[in-house]
Amino acid sequence: MSDDLTKEEEHELAAVKAATLIESLPWLKRFSGKTVVVKFGGNAMVNDDLKRAFAEDMVYLRYAGLHPVVVHGGGPQISAALKEQGIASEFRGGYRVTTTEAITVVRDVLAGEVNREIVDLVNEHGDGLAVGVFGDGGSLFTGEKKGVVVDGEHFDLGHVGDITHVDPSGVLAAIEAGRIPIVSSIAIDDAHPDQALNVNADAAAGALAIALGAAKLMMLTDVPGLYRNWPDRDSIIDLIAVDELRELLPSLESGMIPKMTACLDAVVGGVGGATIIDGRIPHSILLEVFTLRGAGTEVIPDPSRRTENQNTHAEVGRRVPESAADPGRHAATDHASTTPQTSTTPQTSTTPQTSTTHQTSTTQKGTEQ
Ligand SMILES: Nc1ncnc2c1ncn2[C@@H]1O[C@H](COP(=O)(O)OP(=O)(O)O)[C@@H](O)[C@H]1O
Ligand SMILES: CC(=O)N[C@@H](CCC(=O)OP(=O)(O)O)C(=O)O
């Protein structure tokens, strides 16, 4: 403890630390032995201190008895590589238009550079626990091409796809071996199995969380959470049930569209809860998992549709508004099971998403990140 502190201050500080530790007890009990999927976005990867804090968090979760699975993005890193090679890159409705020339770069950056970097980082703190898994290896992700409708106009996105099939056996084997899988968001194109598809990393994290029957999905990003009226900073949402999110979805912009769609699909698909977290705050994952208040915006199931896996929030009384925490209705289990879904189709979306045409967006992500 600091020499500058009085004895009384030292005792107070110790009491705060003890209170923080003991606050984590219900969450340790709740999540120990459970799988949590963490989406690590490219925007959260630009700072070395944050990357190190993220790696420490993954190792901490593992040693606390949870099974973290990382799905990473790499949007800014892909943009930089494409620019360096003089390949044009633009976004439509939150998705990168990916030409035949670009898909090779996308795969090289995600599976080569970014995946290896995260594996190395986690291994620095975690005694070799991390293992890299490529989405298009061992048929983890299979997908089909998708297009997007923006302002009523249909756009071809090239080698971009939705995941239609997840085979999580490789990831499950890694989890069972006590490892931390680090997964890149590339899929095999079902129509052309020798070709890769560029899959939005949020969508990949959501699909994997469903297939693993995860207790939680956490998405690290560069804002404190979801804003009802973006960019009005007073409109941050702490907790949102899927019905309300479904209504809000058409008003969202750019990168928030795939992110919130993935959260919605994950929770509808049986994942315990999905949270958007500010990745710019060091150790925000630990705050989300182990504190009563949590962090960011949490998406929860509608009360009448909760599964056993999804009772956690209401039971512990965390952030749940009265309307969403109707204890009389918790037992209802009218949809997805809590057991790992293996090779079934994970996209149980009730959002305005189809396999070929995605959510209409009123605005577009810029041509370069
Ligand atoms: N309603 C909203 N609430 C919060 N952020 C929003 C909203 N609508 C659009 N955004 C934008 O979405 C961005 C996050 O998406 P994205 O850039 O794809 O993140 P990441 O790279 O972390 O996946 C934010 O930085 C913000 O600019
Ligand atoms: C289709 C599509 O847009 N794919 C994304 C994949 C990477 C990603 O999602 O990275 P972030 O999570 O860092 O944004 C892209 O090419 O940028």
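Residues numbered from 1 in each chain as written. Chains lettered and ligands numbered in written order. Predicted model: local features only at pLDDT ≥ 70, side-chain atom pairs only at ≥ 80, totals over all residues. Heavy atoms only, no water.

Selection rule: UniProt positions are given in the numbering used here, feature names are shortened, and annotations may be inferred rather than shown by experiment.
The name given to the protein chain in an unreviewed UniProt entry is Acetylglutamate kinase, with Curtobacterium subtropicum as the source organism. In UniProt, the protein chain has this text filed under Catalytic activity (unreviewed entry): "N-acetyl-L-glutamate + ATP = N-acetyl-L-glutamyl 5-phosphate + ADP".

Re the site of ligand 2
Let me state the cut-off plainly: It suffices for a single heavy atom of a residue to lie within 4 Å of a molecule or strand for the residue to be listed as near it. Pairs of N or O atoms within 3.5 Å make up the polar contacts considered here, provided that, within protein, one atom can donate a hydrogen while the other can accept it, and that residues adjacent in sequence are counted only when both atoms are side-chain atoms. Surface accessibility follows the Shrake-Rupley procedure with a 1.4 Å probe radius. Residue values consider only the protein chains on display as shielding. Strands here are runs of E lasting at least two residues and helices are runs of H or I lasting at least four, both read from the DSSP assignment and numbered beginning at the N terminus. Throughout this entry, Asp, Glu, Lys and Arg are counted as charged residues, while Ala, Val, Leu, Ile, Met, Phe, Trp, Tyr, Cys and Pro are counted as nonpolar. The remaining residues, Gly among them, count as polar.
Surrounding ligand 2, one finds 16 residues, the nearest of these being K39, G42, G74, R96 and N198. Note that an oxygen atom of ligand 2 is positioned 2.6 Å from one of the backbone N or O atoms of G42. In the model, an oxygen atom of ligand 2 is placed 3.0 Å from a nitrogen or oxygen of the A201 main chain. For ligand 2, the accessible surface in isolation is 430 Å², of which the surrounding protein chains cover 95%. Going through the elements one at a time, helix 4 (75-84) and strand 4 (95-96) are the ones with two or more residues in the shell around ligand 2. At three residues, the largest contribution of residues to the shell around ligand 2 is made by helix 4. Here the residues of the shell around ligand 2 are counted per class, giving seven nonpolar, seven polar and two charged.

Some words on the packing of aromatic side chains
The relative placement of two aromatic rings is captured by the distance of their centres and the angle of their planes. What counts is decided by this rule: Each aromatic pair joins two rings of Phe, Tyr and Trp (for Trp, the six-membered one) with centres within 6.5 Å, and gets the label stacked for planes under 30 degrees apart, edge-to-face for over 60, and tilted for any other angle. Under the scheme applied here, a residue whose accessible area is under 20% of the maximum for its type counts as buried, over 50% as exposed, and between as partly exposed, the area being computed with a 1.4 Å probe on protein chains only.
The final tally for this structure, using the stated rule, is four aromatic pairs. Judged by centre distance (6.5 Å) and plane angle (20°), the rings of W27 and F31 are stacked. Here F31 and W27 lie together in helix 2 (residues 25-31), a separation of four residues that amounts to about one turn. For the residue pair W27 and F31, the accessibility class agrees, reading buried in each case. Ring centres of F40 and F54 lie 3.7 Å apart, and the angle between their planes is 5°; this geometry places the pair in the stacked category.

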